[in-house]
Amino acid sequence: MSAPVLNAQQTPAAAVEGFSRSETVTLAWPMIMLSVFFVIPFGTMLAVSFFERVPGGFFEPGFTLDSYARFIDPFFFKSLGMTMMIAGSASLLCLILAVPFTWTLTRMRHHHRVLWLVALLSILSLSEVIIGFSWSLLLSRSTGIGNILVWLGIENRAPKLSPGLGAVLTGLCYLGFPYAVLVLFPQLSRLDPTLHEAARMLGASPRRAFMNVVLPNIAKALVAAFIMVFVFTLGAYLIPQLLGKPQQWTLPVLIADQALFQSNLPFAAAMSIFLLGVSLSLVVCVGWLGRSSQARIEDQSTTQSTTQSAAS
Amino acid sequence: MTHTILKNRRRFLAQSAALVGAASLGSGIGRAQAAETLTVATYGGYFEDSFKNIIYPAFTEETGIEIVSVPEPTSDAWLIQLETAARANSAPADVSMIAQNAMLKGQSTELWAPLDLEKLPNHTSLTPDFIHTYSDGRVDGIGAVAWYLTLVSNTDVYPEAPTSWAELWNPDNEDSLGLMALSSNSFLLEITNATFFKDPELLQSEAGIEKVLAKLAELKPNVALWYRDEGQFQQALQSGEIPMGQYYHDVAGLAAADGHPVRSTFPIEGGVRDSGCWAISRASSKQEAAHTFINYMCRPDIQATLARKVGTSPTVKRELLDLSDEEFASVSSADTPITPVYSMHNERADWLNQVWTEMVTS
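Note that the coordinates shown come from a computational prediction; the quantities given were computed from them, not determined experimentally.

**What about the interface of chain A and chain B?**
Here is step 1: Contacts between the two partners involve 23 residues from chain A, matched on the other side by 27 residues from chain B.
Here is step 2: Taken together, the elements giving at least two residues each to the side of chain A that touches chain B come down to helix H13 (238-243) and helix H14 (251-261) of chain A.

Encoded structure:
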């Protein structure tokens with residue numbers, strides 16, 4: 001989703017300026033459509049969040065901060081904290097799995113790589129409902145993977161793994177993993193293999209070469225993948241609802257409850273806007289941290305190469 | 001040259017599009033003239049399928065009005081879609097089956113078109129409490145079907161049927177219950193009151209509700225799943241993963257009839273009786289056909305068919321039905337049911353939702 005955008009950052013500004021008039025017109029159309037289909041619904045949501053709630057009914061147009069005032073509540077902050085924790089942990093787990101996986105993927109033979117990528121892309125065609133239900137079956141006591149432990153004689157009774165935090169994180173990772181791989185893949189496959197080889201030849205262990213040479217070189221992609229999965233899992237509401245205990249019901253679950261069952265659209269809209277604001281500021285922060293650490297690395301390497309050339 | 005071809009091609013495409021559009025518009029008009037249609041919404045899944053296969057064809061044959069069946073997710077979710085559409089003066093369904101809580105919410109914006117009882121002669125067959133009215137007496141809904149929320153259990157795990165709602169609090173049932181996640185559809189406050197306090201006034205005040213809620217919170221260690229999606233619980237109940245809980249009597253009966261080890265029991269305190277009304281959206285332009293449909297659905301023979309085939313409880317007086325005592329008992333209970341306190345869910349909706357969610361998620 002955001003992969004092309006991130007790659008577009010690398011397009012030199014000069015190329016954009018070089019568009020002919022017809023190309024500009026052609027490009028303007030999707031831009032206008034995007035603005036219309038994003039700005040108008042968002043504006044409606046923003047407006048509704050200030051509307052007056054009619055108790056036992058719907059809402060009336062007006063201007064009130066009542067829906068926002070409901071945030072000043074320990075319960076709300078607890079849910080927000082839990083939501084951030086779940087999305088953050090899921091993104092981190094995704095990265096921990098996706099980085100070595102993608103690294104191995106880039107070193108595979110072409111047709112093996114294509115097979116893996118097709119398999120990953122096919123996950124994207126599954127809806128959250130199917131993923132949620134499948135995992136709830138897979139993690140259940142009666143039909144779940146826990147029965148393998150019984151079959152192997154390790155356990156007497158299959159464990160019930162869902163609902164619970166582990167189940168929610170598993171579901172969210174499954175959902176976010178293909179995105180993480182797709183964001184990391186271009187950067188890792190473009191990475192000059194001689195860098196890693198040079199590090200190995202200079203005596204670094206494979207692990208050290210990976211940690212000290214490969215990882216810093218893909219820092220940008222790591223940040224991008226983290227943000228991508230974080231934002232994606234932050235909005236998921238079916239997985240936490242189907243696989244989570246009530247303690248793991250995230251804000252989107254509560255938003256859906258308000259919108260679908262309580263007909264309290266102003267409060268649902270206010271919560272959505274708040275969640276959007278929080279996630280946007282987090283994304284900006286992480287992006288800024290990522291940029292500054294990347295700059296530091298580049299800075300260090302420039303200093304090193306200058307020192308080396310000066311020494312020689 | 002290229003430009004001309006492109007232009008011509010575009011013009012050709014535009015003209016073809018216009019032609020295709022006109023053709024499809026024409027065929028639409030043709031169809032509309034052929035038969036009058038009425039869009040009716042019922043709960044999606046088994047329920048809607050039964051109506052589509054058993055009830056609607058006979059109605060069309062008798063009246064010539066074709067029914068377009070649309071599934072509604074839940075009354076509350078459907079209510080929001082109906083209301084939003086009505087604000088834009090359109091109706092995704094002319095007639096919808098709506099549960100009591102949602103009926104009351106819809107009244108706040110006059111979402112329901114007032115019904116004319118003179119056009120509904122069959123309404124006299126109904127028990128009077130199934131005629132739903134606005135506070136000023138105008139009729140806005142006619143009882144479609146009633147249903148019971150009962151205590152269900154897996155027969156493999158519980159060879160003996162549980163007899164009381166108090167089983168939900170039994171420490172032996174740790175981590176083995178499936179309960180509905182919302183106060184407005186689980187009616188667990190009413191169940192707790194009927195089981196432990198038996199005080200009809202208790203749920204009329206916030207202090208009383210909090211007292212009942214505190215008692216209800218005691219069963220939390222027993223709950224394995226707070227469900228919003230019926231399918232999720234039904235699957236777990238059938239497999240024995242979650243062997244007890246609250247569920248709809250009709251659907252549990254159908255699962256049992258399909259050979260699943262599931263039973264539904266009316267507890268000694270009574271099952272919770274809720275019902276759905278037929279209501280017409282104020283934005284519907286098919287008031288006449290809608291009245292014809294609702295009148296048809298009030299007929300005792302249709303109500304009996306629904307009881308036999310769908311397992312719902314009739315809204316028509318018992319003496320008018322040709323159901324045997326056994327058939328009647330399988331869809332209903334002679335004991336006094338637990339009646340939801342709709343005024344509590346309606347008037348204290350936001351406060352109740354807040355304290356309820358805090359109780360469940362803490």
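**Comments concerning helix H6 (residues 110-124) of chain A**
Here is step 1: In this model H6 of chain A runs 22 Å from its N-terminal to its C-terminal C-alpha over 15 residues, within 8% of the 21 Å that 1.5 Å per residue would give.
Here is step 2: Of all the 15 residues making up H6 of chain A, 1 are buried; the element is thus mostly uncovered.

**Some details on the environment of serine 108 of chain B**
Residues and elements named next belong to chain B.
Here is step 1: Within the secondary structure layout, serine 108 lies in the loop between helix H4 (100-107) and strand S4 (131-133).
Here is step 2: Exposure remark for serine 108: the 16 C-beta atoms within 10 Å place this residue in the partly exposed category.
Here is step 3: Taking the C-alpha atoms as reference points, serine 108 and tyrosine 134, separated by 26 residues in sequence, lie 9.5 Å from one another.

**Description of the pairing of strand S1 (residues 37-43) of chain B**
All names here are of chain B.
Here is step 1: Of all the 7 residues making up S1, 5 are buried; the element is thus mostly covered by neighbouring parts of the structure.
Here is step 2: One ladder, built from 7 bridges, connects S1 with strand S2 (residues 66-72); its direction is parallel. Residue pairing in the sheet places valine 40 in a bridge with serine 69 of S2.
Here is step 3: Considered for its hand, the β-α-β crossover made up of S1, helix H2 (residues 46-63) and S2 is right-handed.

**Observations concerning the packing of helix H6 (residues 188-197) of chain B against helix H7 (residues 206-217) of chain B**
All names here are of chain B.
Here is step 1: Direction vectors running N to C along H6 and H7 enclose 85°, while the axes themselves pass 9 Å from each other. Relative to H7, the element H6 is oriented roughly perpendicular. For the pair H6 and H7, contact is made by Leu188, Leu189, Thr192, Asn193, Phe196 and Phe197 and by Ile209, Val212, Leu213, Lys215 and Leu216, respectively.
Here is step 2: Grouping the constituent residues of the contact of H6 with H7 by class yields 8 nonpolar, 2 polar and 1 charged.

**Topic: the domain arrangement of chain B**
Residue and element names in this part refer to chain B.
Here is step 1: Partitioning chain B into domains gives domain 1 (36-146 + 274-331) and domain 2 (163-272 + 338-361).
Here is step 2: Computed over C-alpha atoms, the centres of domain 1 and domain 2 are 26 Å apart.
Here is step 3: When residues of the side of domain 1 that touches domain 2 are assigned to their parent elements, the largest contribution, 4 residues, is made by H4.
Here is step 4: Partitioning the side of domain 1 that touches domain 2 into residue classes produces 3 nonpolar, 5 polar and 2 charged.

**Re the confidence of the model for chain A**
Residue and element names in this part refer to chain A.
Here is step 1: Mean pLDDT over chain A: 84, with 88% of residues reaching 70 or higher.
Here is step 2: The weakest mean pLDDT in chain A belongs to helix H1 (residues 3-8) at 42; the strongest belongs to helix H9 (residues 165-190) at 93.
Here is step 3: Considering only residues more than four positions removed or in separate chains, one finds that residues 1-15, a stretch of pLDDT under 50, has 7 contacts.

**Remarks on the nonpolar core**
For soluble globular proteins, the rule of thumb is that nonpolar side chains tend to be buried together.
Residue and element names in this part refer to chain B.
Here is step 1: Core analysis: the biggest nonpolar cluster contains 95 residues, and Val95, Ile98, Ile142, Leu225, Trp278, Phe293 and Ile294 have the highest contact counts within it.
Here is step 2: For this core, the element with the highest residue contribution is strand S5 (residues 139-154), accounting for 9 residues.
Here is step 3: Residues lining this core come from more than one domain, with at least three contributed by each of domain 1 (36-146 + 274-331) and domain 2 (163-272 + 338-361).

**Concerning the packing of helix H10 (residues 193-201) of chain A against helix H11 (residues 206-217) of chain A**
Residues and elements named next belong to chain A.
Here is step 1: Direction vectors running N to C along H10 and H11 enclose 145°, while the axes themselves pass 9 Å from each other. For the element pair H10 and H11, the recorded crossing hand is right-handed. Every residue of H11 that contacts H10 at Leu195, His196, Ala199 and Arg200 is listed here: Pro206, Ala209, Val213, Val214 and Asn217.
Here is step 2: Its residues placed into classes, the contact of H10 with H11 shows 6 nonpolar, 2 polar and 1 charged.

**Structural notes on unusual backbone geometry**
Here is step 1: Residue proline 163 of chain A is reached from serine 162 of chain A by a cis peptide bond, and omega for that bond is 0°.
Here is step 2: Inspection of the secondary structure assignment puts proline 163 of chain A in the loop between helix H8 (146-151) and H9.
Here is step 3: Unusually for a residue other than glycine, asparagine 89 of chain B sits at a positive phi of about 60°.
Here is step 4: Structurally, asparagine 89 of chain B is set in the loop between helix H3 (75-87) and strand S3 (95-99).
Here is step 5: Of note, aspartate 175 of chain B is a non-glycine position whose phi angle comes to about 55°, a positive value.
Here is step 6: Mapped onto the elements of the fold, aspartate 175 of chain B is located in the loop between S5 and strand S6 (177-180).

**Some words on the pairing of strand S7 (residues 223-227) of chain B**
All names here are of chain B.
Here is step 1: Counting buried residues in S7 gives 5 out of 5 residues, a clear majority hidden from the surface.
Here is step 2: When S6 meets S7, the two strands line up parallel, connected through 4 bridges. Across the sheet, leucine 177 pairs through a bridge with valine 223, a residue of S7.

Rules behind the numbers
- Residues numbered from 1 in each chain as written.
- Chains lettered and ligands numbered in written order.
- Predicted model: local features only at pLDDT ≥ 70, side-chain atom pairs only at ≥ 80, totals over all residues.
- Contact = placed C-beta atoms within 7 Å.
- Helix = DSSP H or I, 4+ residues; strand = E, 2+ residues; numbered from the N terminus.
- Expected span 1.5 Å × (residues − 1).
- Buried ≥ 20, exposed ≤ 12 C-beta atoms within 10 Å, placed from the backbone.
- Pairing = 2+ DSSP bridges.
- Right-handed = clockwise from strand over helix to strand, strands pointing away.
- Axes fitted to C-alpha atoms, helices over the stretch in contact; angles between N-to-C directions.
- Parallel < 35°, antiparallel > 145°, perpendicular 65-115°, else oblique.
- Nonpolar A, V, L, I, M, F, W, Y, C, P; charged D, E, K, R; others polar.
- Domains from an automatic or database assignment.
- pLDDT = per-residue confidence, 0-100.
- Core = buried A, V, L, I, M, F, W, Y, C linked by C-beta atoms within 7 Å.
- Left-handed = near helix turned anticlockwise from the far one by under 90°.

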